[in-house]
Amino acid sequence: MASDATTGFGLVGTLGRDRAEGRSRRREAGWARKAGWVWRMARMGLEVVLAAAALPLLLLSFWHLVAEHHWVSNLILPPPSDVWRTFRELLADGTIAENLAISGTRVAKGFAAGGLLGLLLGTALGLSTACRAYLRPTFISLTQVNLLGWIPLLILMFGIDEPLKIAAISWATFLPVTFNTMQGIAGIAPKWFELARVYQVRRRDVVWRVAIPAALPSLFTGIRSGLGAAWMSLVLVELVASSEGIGFMVVWGRQLFQLDLVLVAIIVIGAVGLTLDGLLRAVEWRLRRWQGAAA
Amino acid sequence: MRKLVIGVLMFLAPAAVRAADLPKEIRIGVAGVGTGNRPVVGGAYVATAANNGDLENEFKKDGVAVKYVYFAGAGPAVNEALANGQLDFAYQGDLPALVAKAGGLPTKLILAAGRFSAIYIGVPVDSPYRTLEDLKGKRVAVFKGTNLQLAFYNVLTSRGLKDSDFKTINMSTYDGNAALLSKDIDAQVSGNDLVPLVDRGVVRIIYDTQKEVKLTRLTHVLVTEDFEHKYPEIVQRLVNTLLKTAAWESDEANRGKVYQIWVKSGLGLSAWKRDYDAFKIRDRDSPLFDEYYRTHYKRLLKAGRELKLVRKDFDIDRWLDPTYLNRGLKELHLEGVWPEQDAEGKPKVQLTAKTH
Amino acid sequence: MSIRTVHRTVVRPAGMGTLKGFPCPPAMVRRQRSWRALHAARGAVLPLAFLAVWALATSRGWANREVLPTPVTVLQTIRNSLADAWFWTGVWHSLARMSAGFLIASATGLLLGVLLGASRWGARLGGPGFHAFRQVAPFAWIPLISAWFGTGESTKVVFIAVAAFPAMVINAIEGVQAVTRQHSELARVLEISRWRFITGVVVPGAMPQIFTGIHLTLVVSWLATVGAEYFLQIGPGVASILIEGRALVRMDLVLFGILVIGLVGFALNLTVRHLEALVLRWRPASAQESR
């Protein structure tokens, strides 16, 4: 049969050919596998981005529709084009940059102060049961009252100028940082401390080399919450009593019924908040990887 | 039979139409509150009418309720309510009304309420600042979005200063008073609510615009175009009632009584005397859309545009609608009670008619 | 600071007391019990010290009498306010607003949370948007909400709902995701319908976390209520105490306001915790461990 003939002779021949084909196929498969991998990652990335953008785009088009057909007065819901135009104008004349800079410095100062104090107190509370026994109940009850409740008190104490804002932001940062640090350090497995004791490690090294690295994940959660709280409290404080800053832009827009200004300010606030959060997450991730690699 | 039915229908129809002609209630927004957030204000015949219940009495016979809503957030808060269709009429100041109209809120001014309203700049009594220039770089509380802001900016422009020369902080009149007392701010720009603090000896007024007509504020009564379309007769009746109150108020013989009514807002007699003694009430609270009022409003619009507070230009003459006012004056024979004022605020003709 | 005190759980054999981990006779136990009571009271040292300093400062005139009232003044203010019907009206109104906002927030938050947690596509579509929304401080929405809803009660309720709803969503997501993969695989093996899977496995499994979510949402609702009243000052409410205190420069009113806010928050906390314990008591131990 023809097949036999081909098989008989062909088997050898095909074997050879097969091997050659196999090699080239494997080479192709190698390329294709790599290319396929890249292609798959790209597609997944695209999927994620598209999915993420789907809802906002839908909202945007709905917004545009509502504004265009005046289902709601333009005074109450300015069309997206107005908001975009105002945004460009304010970006161009530096208003946004100026106000962001002012708000940013406030947050930086408050966050630094509150974060540092929080780390210190949190470590103390985490390491010493006695400390915890004396201070923790007071601390927990102070956290019951939201910053807004403290603001009138802070105003009576600090006035309404910069000190008030820094104080308020520091307080807002201090609470989550302390809490998470305390949890983190108190939650360190005792075996590490026992090990340190066995090796007769100095107290200072115990804190630096044992306690803090082990508590780092919680510390970082605390810092991240602290920054989020700092940014949110900034807006709150600027809404109450301010003459400049991004929160003040919201107030200005409200008083002068320029809701597009309010929307621009809100979008900027959200964007900055996202960026800060994202940055910290990235840093945390790098640290975790380093920690994981080291361990 | 058919004739009977038609006859009955024709009899009932006007009643039905009349019923449709009446709203359930009339909602009036007032841009301001009394001391301690109480729902009473003073100054201008609108406040007097609210205190006397003139409008409630007028509409009681038709079963239409009159609801006053007082806003601690002043003009801007009234704008929010208007934009949401929660008010029919508003007693408001110049800047917020300009801002809203430029933004597209369909309103119409039907009566002028107050004019020549001064602003006062107060500092703590032991403060070293004597003039406005001394306050450069200091914290000044201004209620943004109200006619106080525009008047303040006009003052600054007239002296070659700018908003950025100061740290202007947005505070309501109430908060600003408190902040002045606790020295959280260095100065406050406000109305005659500062006078009680001066009497107490805790505040000193370093500047006021009583003598400078071009730097004063205006207030008015406006109606939403929607309500006006639906119930023009109600608008006319409201205007007529308010004109009657205004005429009573403009009689100099009643000045004492008028002050007593305004004192109910919590602001003492001295505050009203300081603000109103230099004028005839008839001149301050004239409801006419005369040359002064129109020109001043155009001035304010221009200033607002230059300061980027007001977004668009619009026709002031069309916005100030004198039809109801004129009809009311004619029907009540009140022409001549209020003299027309020229662009500088001086009366054009001598008063001959007597008020009644 | 003692490293030994980090782990100090004492195992007590019945009938015997322990002193520093060693068994000991009853006489020593009695002494140790009173000692333990004193230990527990250590938490009160700081507040008491603070009160003492405060009383001293005001009586000796170290601080300005105008600004810092004496503790007695504050107590008087508290007594007067508690007797005042207007105060109780305010509390009632605040609680009513809070409940309305809280209910809306929990319901929508639960729905959205389950959607985002259970469905991968749901998470992809809604997740980033929700995350971005969460970044905006709730109070920044107030001007918009008040422009959109006017000056009535609805503005406050909407704001409370908007502020509290993220808390519920996050906890609902975590709760749903905590339902382990084994559960879902088991469900697939047993061929349970999607609906029964969700109601029978996911929701009960996520219950502990959902309850945490309810707890947090309630806390945030209360704070948002106070905030809404502070910024949109129409109608009676608890925040009017703060507002008046600040405007009249009366520290005693401000302190009273803070006390009220804290106490109500604390009471709400306690109520939810008890409810949680009650409902979750019927859960098997494993579900509670998964918390």
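This is a predicted model, so every value here is computed, not measured. (Residues numbered from 1 in each chain as written. Chains lettered and ligands numbered in written order. Predicted model: local features only at pLDDT ≥ 70, side-chain atom pairs only at ≥ 80, totals over all residues.)

**Here we look at the overall build of chain C**
Scanning chain C for helices and strands turns up 12 helices and two strands. For chain C, the sequential pattern of α-helices and β-strands runs β-β-α-α-α-α-α-α-α-α-α-α-α-α. (Helix = DSSP H or I, 4+ residues; strand = E, 2+ residues; numbered from the N terminus.)

**Examining the overall build of chain A**
Of the regular secondary structure elements, chain A holds 10 helices and zero strands. Reading the secondary structure of chain A in the N-to-C direction produces α-α-α-α-α-α-α-α-α-α. By residue count, 36% of the 295 residues in chain A fall in the buried class. Once local pairs closer than 6 in sequence are excluded, the contacts in chain A between residues at least 24 apart make up 73%. (Buried ≥ 20, exposed ≤ 12 C-beta atoms within 10 Å, placed from the backbone. Contact = placed C-beta atoms within 7 Å.)

**Focus: the interface of chain B and chain C**
With 12 residues of chain B at the interface, the matching set in chain C holds 10 residues. Contributing elements (two or more residues each) for the side of chain B that touches chain C: helix H4 (74-83) and helix H7 (173-181) of chain B. Split into classes, the residues belonging to the side of chain B that touches chain C amount to seven nonpolar, three polar and two charged. (Nonpolar A, V, L, I, M, F, W, Y, C, P; charged D, E, K, R; others polar.)

**Focus: the sheet that holds strand E6 (residues 139-142) of chain B**
Residue and element names in this part refer to chain B. Strand order in the open sheet made by the five strands is E7-E6-E8-E5-E9, with mixed pairing throughout. Of all the strands in the sheet, the pair left with one neighbour each is strand E7 (167-170) and strand E9 (203-208). Adjacent strand axes in the sheet meet at a mean angle of 30°, parallel and antiparallel pairs treated alike. Note that E6 and E7 share four bridges and pair parallel. Bridge pairing in E7 places valine 140 opposite threonine 168. Of the strands in this sheet, strand E5 (120-124), E6, strand E8 (187-190) and E9 touch H7, which is tilted by about 155° from E8. (Pairing = 2+ DSSP bridges. Axes fitted to C-alpha atoms, helices over the stretch in contact; angles between N-to-C directions.)

**Side note on unusual backbone geometry**
Excluding glycine, a negative phi dihedral is what most residues carry, and trans is how most peptide bonds are arranged. Residues and elements named next belong to chain B. Of note in this structure, phenylalanine 116 is not a glycine but carries a positive phi near 60°. Topologically, phenylalanine 116 is positioned in strand E4 (residues 107-117). For phenylalanine 116, a count of 24 C-beta atoms within 10 Å puts it in the buried group. Non-glycine residue histidine 333 carries a positive phi angle of around 60°. By the element assignment, histidine 333 lies in the segment after helix H16 (323-332). Taking the number of C-beta atoms within 10 Å as the measure of exposure, histidine 333 has 11 and is therefore exposed.

**Quick look at helix H2 (residues 45-60) of chain C**
All names here are of chain C. Under the 1.5 Å per step criterion, the end-to-end length of H2 is 22 Å for 16 residues, consistent within 8% with the ideal 22 Å. Where burial is concerned, little of H2 is hidden: zero out of the 16 residues are buried. The first or second residue beyond H2 is glycine 61, which carries a positive phi of 75°. (Expected span 1.5 Å × (residues − 1).)

**Regarding the pairing of E6 of chain B**
Residues and elements named next belong to chain B. What you see with E6 is no split at all: Arg139 and Ala141 on one side and Val140 and Val142 on the other are buried throughout. Here E6 pairs with E8 via two bridges, running parallel. If you follow alanine 141 over to E8, its bridge partner there is glutamine 188.

**Quick notes on the confidence of the model for chain C**
Residue and element names in this part refer to chain C. Looking at chain C, the pLDDT average stands at 78 and 80% of residues meet or exceed 70. Mean pLDDT across the elements of chain C bottoms out in helix H12 (residues 285-289) (44) and peaks in helix H4 (residues 85-118) (89). The low-confidence segment residues 285-291 (pLDDT under 50) makes nine contacts with residues lying over four places distant or belonging to another chain. For this predicted complex, the interface confidence comes out at an ipTM of 0.78, alongside a pTM of 0.78. (pLDDT = per-residue confidence, 0-100.)

**Structural notes on the nonpolar core**
If you look at the biggest cluster of nonpolar residues, it comprises 237 residues, and the most contacted ones within it are Ala265 of chain A, Val46, Ile110 and Leu242 of chain B together with Ile160 and Ala164 of chain C. Sequence-distant contacts of alanine 164 of chain C, defined by excluding residues within four places in its chain, comprise Gly101, Phe102, Ala105, Thr217, Val220, Ser221 and Ala224 of chain C. (Core = buried A, V, L, I, M, F, W, Y, C linked by C-beta atoms within 7 Å.)

**Section: the environment of alanine 151 of chain B**
Residue and element names in this part refer to chain B. Residue placement: alanine 151 occurs in helix H6 (residues 147-158). What makes alanine 151 buried here is the crowd of 28 C-beta atoms within 10 Å. The sequence separation of alanine 151 and phenylalanine 116 amounts to 35 residues, and the corresponding C-alpha distance is 11 Å. Ignoring sequence-local partners within four residues, the contact set of alanine 151 consists of Ile119, Thr209, Leu215, Thr216 and Arg217.

**Observations concerning the sheet that holds E4 of chain B**
All names here are of chain B. Read from one edge to the other, the open sheet built from five strands follows the order E2-E1-E3-E10-E4, with strand pairing classed as mixed. Lying at the two open borders of the sheet, with one neighbouring strand each, are strand E2 (65-70) and E4. Along the sheet, successive strands turn relative to each other by an average axial angle of 15°, direction set aside. Summarising the sheet, strand E1 (residues 25-30) and E2 pair through six bridges and their orientation is parallel. Within E2, the residue paired with arginine 27 across the bridge is lysine 67. Across the sheet, helix H5 (residues 94-103) touches strand E3 (89-93), E4 and strand E10 (217-224), and the angle it forms with E3 is around 120°. In the packing of helix H10 (residues 232-250) onto the sheet, the strands contacted are E1, E4 and E10, and the crossing angle to E4 comes to about 15°.

**Description of the packing of helix H6 (residues 162-186) of chain A against helix H8 (residues 203-240) of chain A**
Geometry of a packed helix pair, given as the angle between the helix axes and the separation of the axes. Residues and elements named next belong to chain A. Where H6 contacts H8, the two axes come as close as 7 Å, and the packing angle between them is 155°. Taken together, the axis directions place H6 and H8 in an arrangement best described as roughly antiparallel. Both H6 and H8 take part in a crossing whose hand is right-handed. A class-by-class count of the residues in the contact of H6 with H8 yields 16 nonpolar, 11 polar and one charged. (Parallel < 35°, antiparallel > 145°, perpendicular 65-115°, else oblique. Left-handed = near helix turned anticlockwise from the far one by under 90°.)

**Section: the confidence of the model for chain A**
When pLDDT is averaged across chain A, the result is 81; 86% of the residues are at 70 or more. Within the model, the stretch residues 1-14 of chain A combines pLDDT values under 50 with zero contacts to residues more than four positions away or in other chains.

**Section: the packing of helix H4 (residues 129-144) of chain A against H2 of chain C**
One way to put it is that H4 of chain A packs onto H2 of chain C with a least axis distance of 7 Å and a crossing angle of 70°. One finds that H4 of chain A runs roughly perpendicular with respect to H2 of chain C. Contacts between H4 of chain A and H2 of chain C involve Tyr134, Leu135 and Thr138 of chain A on the former and, on the latter, Val45, Leu46 and Pro47 of chain C.

**Thoughts on helix H2 (residues 44-52) of chain B**
Residues and elements named next belong to chain B. Here H2 lies mainly inside the structure; seven of its nine residues are buried. For H2, the complete set of buried residues consists of Ala44, Tyr45, Val46, Ala47, Thr48, Ala49 and Ala50. With its phi angle positive at about 75°, glycine 53 sits one or two positions after the end of H2.

**Things to note about the environment of asparagine 269 of chain C**
By secondary structure assignment, the location of asparagine 269 of chain C is in helix H11 (residues 251-280). Residues asparagine 269 of chain C and histidine 215 of chain C, spaced 54 residues apart in sequence, show a C-alpha to C-alpha distance of 7.1 Å.

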